[in-house]
Amino acid sequence: LDRKSTAAQSQIEVVDLELAGMPDSGPADIEVSARQLDEARDRWMECRAQVTANSKAGDDLKKQINEIEQIGPDAVCDRCHRPFGDDLPSIKSHLTDELAGLVAAGERLAVDMNRNREAGERCKLALADLEKREARRKELLLTKEPSKREVLDLAARRQAIVKRLA
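Because the structure is predicted, anything quoted here is derived from the model rather than measured. (Residues numbered from 1 in each chain as written. Predicted model: local features only at pLDDT ≥ 70, side-chain atom pairs only at ≥ 80, totals over all residues. Heavy atoms only, no water.)

This brings us to helix H1 (residues 2-21). Relative to the 28 Å expected for 20 residues at 1.5 Å per residue, H1 spans 28 Å between its end C-alpha atoms, a close match to the ideal helical length. Buried residues along H1 sit in contact with helix H3 (88-165). (Helix = DSSP H or I, 4+ residues; strand = E, 2+ residues; numbered from the N terminus. Expected span 1.5 Å × (residues − 1). Contact = heavy atoms within 4.5 Å.)

Next up on the list: the nonpolar core. Formed by Leu61, Ile65, Ile68, Ala75, Cys77, Phe84, Leu88, Leu95, Leu99 and Leu102, the largest nonpolar core amounts to 10 residues. Elements with a contribution of two residues or more to this core: helix H2 (27-71) and H3. Considering every element that reaches this core, the biggest residue donor is H3, with four residues. The residues touching Ile65, leaving out its near neighbours within four places in the chain, are Lys92, Leu95, Thr96 and Leu99. Within the second largest apolar cluster, six residues are counted, among which are Leu37, Cys123, Leu127 and Leu130. (Core = buried A, V, L, I, M, F, W, Y, C linked by side-chain atoms within 4.5 Å. Buried < 20%, exposed > 50% of the residue type's maximum accessible area, 1.4 Å probe, protein only.)

Inspection of the entire model under this criterion finds 14 salt bridges. Notably, a salt bridge pairs Glu118 with Arg117, separated by 4.0 Å at the nearest N-O pair. In this structure, Glu134 engages Arg137 in a salt bridge whose closest nitrogen and oxygen atoms are separated by 2.6 Å. Highlighted residues: Glu134 and Arg137, both in helix H3, separated by three residues, approximately one helical turn. Glu134 gets classed as buried once you look at its relative accessible area, which sits at 5%. Given the relative accessible area of 27%, Arg137 is considered partly exposed. Within the structure, one salt-bridge network assembled from shared partners comprises Glu18, Arg136 and Glu139. (Salt bridge = Lys/Arg side-chain N within 4 Å of Asp/Glu carboxyl O.)

This is the structure in structure tokens:
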């Protein structure tokens, strides 16, 4: 009985030692980490939508510049209904500048999107680590319970034997 009790007590000590070495985290930390992951995902998706909108605006502007080049100064503006005439070079210059601004914005958005992706990956790894530790903590606690019951049962049996012998 003493050997079984000592073995069960040793098992409890091993579990307690591992539990003591674990960082103090739990369901609340997992919830916070999951929320951070959702926020990172939302920022990435918002950035991706901006990249898509920027790309479409750039494509539309390129198309408009090409159309202006093809139709020439005698063409009429579809917005103000005036002929382009001598204003065609300045209109083309304005649209080209606008396109350059969209390209620069697209480059900034690509950097932001990459930064948001990396932040999301870090959040995902942190969440997975917290979930793994929490699962291990629960596993250890479940392992500890039978050993505790065994120690108590063996102590009760030992007392009963001592009582019978006395």
